[in-house]
Amino acid sequence: MYKEQVQKRILTVLVILSLGFLSLEGWMTWMRNQSTQELVDYRQNFLQQNLIRMVKRLGLTLRSACGDYSQWTEMQVFSENLDRRWAKVNIDTSLPEFGITHTWVVNPEYQTVYRFVVDNQPELEQPLQKATLKTVKGLAFYQGFYRHKQSIFELAACPLNSSEDYERLGIAKGWLVLAQPVGEDYLKQIALLTDSDSSIVLNNHQSLTSTLNDPWNIRIALPLRGVSGQAVAFLVATTVLEDLKKLYNASTQLIIVNGFSIICLLFLTYFLLQIWVLSPLKRLTSALDKNTASELNTLLARDDEYGRLASLVNDFFRQRDLLAAEIQKRGQVMDQLAQVNLQLFDNARLDELTQVANRRRFDEYLASAWSSAISTGNPIALLMIDLDYFKRYNDALGHPEGDDCLSLVADVFRNVVKSRHDLLARYGGEEFAGILPLTDEAGAKVLAGRIIEGLKQAAIPHPGSEFQIVTTSIGVAACSPIPHQNPDMLINMADKALYEAKRRGRNGVVAFSELPKNVDEDGIG
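The shown structure was predicted, so the numbers you read here are calculated from the model rather than taken from an experiment.

## A few points about the side chain of Thr354
Relative to the assigned elements, Thr354 resides in the loop between helix H8 (305-348) and helix H9 (359-376). A distance of 2.7 Å separates a polar atom in the side chain of Thr354 from a polar atom in the side chain of Asp351. When near neighbours in sequence (up to four residues on either side) are disregarded, Thr354 contacts Leu406, Ala410, Arg414, Arg426 and Phe432.

In structure tokens form, the structure reads like this:
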């Protein structure tokens, strides 16, 4: 019974795989044809674009020579006095070195006043009509092709303007017309640069097709247009896609061989898996799906690899339960450690006496706020706060009372410096500091005034002070830092302002911008 079921399954798989192979064969053939056509289209487009670029490149010398000579001051003079000796050196000898075979100089009355033709070249009349020359003025130029009997020439015409007059769009003082032949040398360069066979086909109203009947041969016909815009001839480039043809044939053979091999391998693999693997694995999968070891009883009795695998799965279920309990226990411990670490991190950056930020936290936050101000262009302000006559306070009342006083003062400061962007820190001893990002000097001075007023309202007695209560002096500094500046600059500015506040009698606020040019910082306490 089991054997019959297996046979039926194999027959079913054979039918399915055969249909799948046919579908795969059709899909791969379609993809192969699509890819091949895309490659042919790409190569055809590439050849066409490359042909256009090469024609422009070969015509660039002609255009550059025409443009440079037309702006040459000596050329302007020659067009008027027609100095033959000058022309022999600068036109008859120099221009042929660039492959230019015909030169015409035309005066403002559209008459050819000078003509030069290289030996062994046909004698041509100046080919551009009056209407065409009229359009060549100022920044404009003409470049195109001209047919003379069975020969093709590339023309370029530029107005005779001096460099100073080149921007003007008025009537030209004359024209310079140059020509170079489109012959064998021209075609050899095109063939070399485009990796194709090139030829010239005269426009005798015969039809030209871009591709030949053979799909592996590509032919591009580029029109060479004359004055009227009509093609006087066609530059034809032909190339054979031999590499694509070989690739196409090889891919066809590979599709057939691979498909047959895959089908044979699938049949054999399915048969072996069905007998030796799939049935026992089904029981293991069922046990894992139900997340219970009860499904493994049959396999545990087997003395083979599947019996050992079932034993491992059974051990896995047991270890899993133990591991889950251990993970839960360790998770609770990790939560407790995280809380302790967070508390230690906070304590490391708090002043133990005043419960405000300590000097370490001050340095970190100032560096961070300074970098942010540089990147955003926003201002940053700093308050340097120093309690007045605090040594006298300790001498009169003792250091324990001094510590209590610092705690009270810190509470007053915290009630003023409480923005989420601001930081109040104990800078050292009886000195505090406030970092105020996004705050200019005026805003920082207002905040400093509130601190002075807060201490006044707190009215903490100070027997050693002339004010009879605890007071403070505050230095204010602000800036919009730029790259390469150091935050120590801001601290120095605030310190100087603090010294000035002390010098002016204490219990007050002084901004850095209010400082006199020379401040004597010695002797101020």
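## A few points about the pattern of salt bridges
Counting across every chain of the model gives 15 salt bridges. Note that Glu123 is salt-bridged to Arg115, the shortest N-O span being 3.8 Å. The partner of Asp351 in a salt bridge is Arg426, with the nearest N and O atoms 3.3 Å apart. Residue Asp351 is found in the loop between H8 and H9, and its partner Arg426 is found in strand E10 (residues 423-428); the two are separated by 75 residues along the sequence. Linked through salt bridges whose partners overlap, the residues forming this network are Arg349, Arg360, Arg361 and Glu364.

## Overview of the sheet that holds E10
Think of a sheet as strands paired side by side through backbone hydrogen bonds, with each pair either parallel or antiparallel. The five strands are arranged E10-E11-E9-E12-E13 in an open sheet whose pairing can be described as mixed. Strand pairing shows two members of the sheet lacking a second neighbour, E10 and strand E13 (509-511), which therefore form its edges. Adjacent strand axes in the sheet meet at a mean angle of 20 degrees, parallel and antiparallel pairs treated alike. Looking at chain direction, strand E12 (residues 472-479) and E13 are connected through three bridges and run parallel. When the bridges of E13 are listed, Ile474 appears paired with Val509. Contacts between helix H13 (residues 488-503) and the sheet are confined to strand E9 (380-387), E10, strand E11 (431-437), E12 and E13, with E12 contributing the most and set at about 145 degrees to the helix.

## Regarding the sheet that holds strand E7 (residues 217-225)
The strand order across the open sheet built from three strands is E6-E8-E7, with neighbouring strands paired in antiparallel fashion. On the outer flanks of this sheet lie strand E6 (197-202) and E7, each paired with one strand and no other. For this sheet, the mean inter-axis angle between neighbouring strands, taken without regard to orientation, is 25 degrees. One ladder, built from six bridges, connects E6 with strand E8 (residues 231-240); its direction is antiparallel. By the bridge assignment, Ile200 is partnered in E8 with Leu235. Here helix H5 (residues 184-194) sits on the sheet and contacts E6 and E8; the angle it forms with E6, its principal contact strand, is near 135 degrees.

## Topic: the nonpolar core
Within the largest apolar cluster, 30 residues are counted, with the highest numbers of intra-cluster contacts made by Leu383, Val409, Phe413, Phe432, Ile451 and Ile474. Every element with two or more residues in this core is listed here: E9, helix H10 (390-397), helix H11 (399-416), E11, helix H12 (441-458) and E12. Among the elements that line this core, the one with the most residues is H11, at seven residues. Once you skip the residues sitting within four places of it in the chain, Phe432 turns out to touch Thr354, Val356, Leu383, Met384, Ile385, Leu406, Val409, Ala410, Phe413, Ala425, Arg426 and Tyr427. Among the nonpolar cores identified, the runner-up in size contains 24 residues, and Val40, Leu51, Leu58 and Val182 belong to it.

## As for H9
Taking 1.5 Å per residue, 18 residues should reach 26 Å; H9 reaches 26 Å between its end C-alpha atoms and fits that length. Residues Phe362, Tyr365, Leu366, Ala369, Trp370 and Ala373 constitute the buried set of H9. Looking straight down H9, one finds that the buried residues subtend no more than 140 degrees of arc, so they occupy a single side. The secondary structure elements touched by the buried residues of H9 are E9, E10, E11, E12 and H13. Trailing H9 by a residue or two, Gly377 shows a phi angle of about 80 degrees, which is positive.

## With respect to the packing of aromatic side chains
Summed over the entire model, instances satisfying the criterion amount to eight aromatic pairs. On the numbers, 5.2 Å between centres and 85 degrees between planes, the contact of Phe78 with Tyr114 is edge-to-face. With Phe78 in helix H2 (residues 73-81) and Tyr114 in strand E2 (residues 112-117), the pair connects residues that are 36 residues apart, well separated along the chain. We classify Phe78 as buried; its relative accessible area is 2%. We classify Tyr114 as buried; its relative accessible area is 4%. Here Phe390 and Tyr393 contribute two aromatic rings whose centre-to-centre distance is 5.7 Å and whose plane-to-plane angle is 5 degrees, an arrangement assigned as stacked. Separated by three residues within a single helix, Phe390 and Tyr393 lie in helix H10, roughly one turn from each other. In this structure Phe390 comes out as buried when scored by relative accessible area, which is 7%. For Tyr393, a relative accessible area of 5% gives the class buried. Ring-pair connections join several aromatic residues into one group, and the members of that group are Tyr69, Trp72, Phe78, Trp86 and Tyr114.

## Here's the deal with the pairing of E12
With eight of eight residues buried, E12 is to be regarded as a mostly interior element. Every second residue of E12 is oriented toward a common face, with Thr472, Ile474, Val476 and Ala478 on one face and Ser473, Gly475, Ala477 and Cys479 on the other, all of them buried. Looking at chain direction, E9 and E12 are connected through eight bridges and run antiparallel. By the bridge assignment for E12, Met384 is matched with Gly475.

## Considering the side chain of Thr132
Of note, Thr132 is situated in helix H4 (residues 130-135). On the basis of relative accessible area, Thr132 is assigned to the buried category, the value being 11%. Excluding anything up to four places from it in sequence, Thr132 contacts Tyr142 and Val227.

Parameters and conventions
- Residues numbered from 1 in each chain as written.
- Predicted model: local features only at pLDDT ≥ 70, side-chain atom pairs only at ≥ 80, totals over all residues.
- Heavy atoms only, no water.
- Helix = DSSP H or I, 4+ residues; strand = E, 2+ residues; numbered from the N terminus.
- Polar contact = N/O pair within 3.5 Å; in protein donor to acceptor, adjacent residues only side chain to side chain.
- Contact = heavy atoms within 4.5 Å.
- Salt bridge = Lys/Arg side-chain N within 4 Å of Asp/Glu carboxyl O.
- Pairing = 2+ DSSP bridges.
- Axes fitted to C-alpha atoms, helices over the stretch in contact; angles between N-to-C directions.
- Core = buried A, V, L, I, M, F, W, Y, C linked by side-chain atoms within 4.5 Å.
- Buried < 20%, exposed > 50% of the residue type's maximum accessible area, 1.4 Å probe, protein only.
- Expected span 1.5 Å × (residues − 1).
- Arc of directions from axis to C-beta.
- Phe/Tyr/Trp six-rings, centres within 6.5 Å; stacked < 30°, edge-to-face > 60°.

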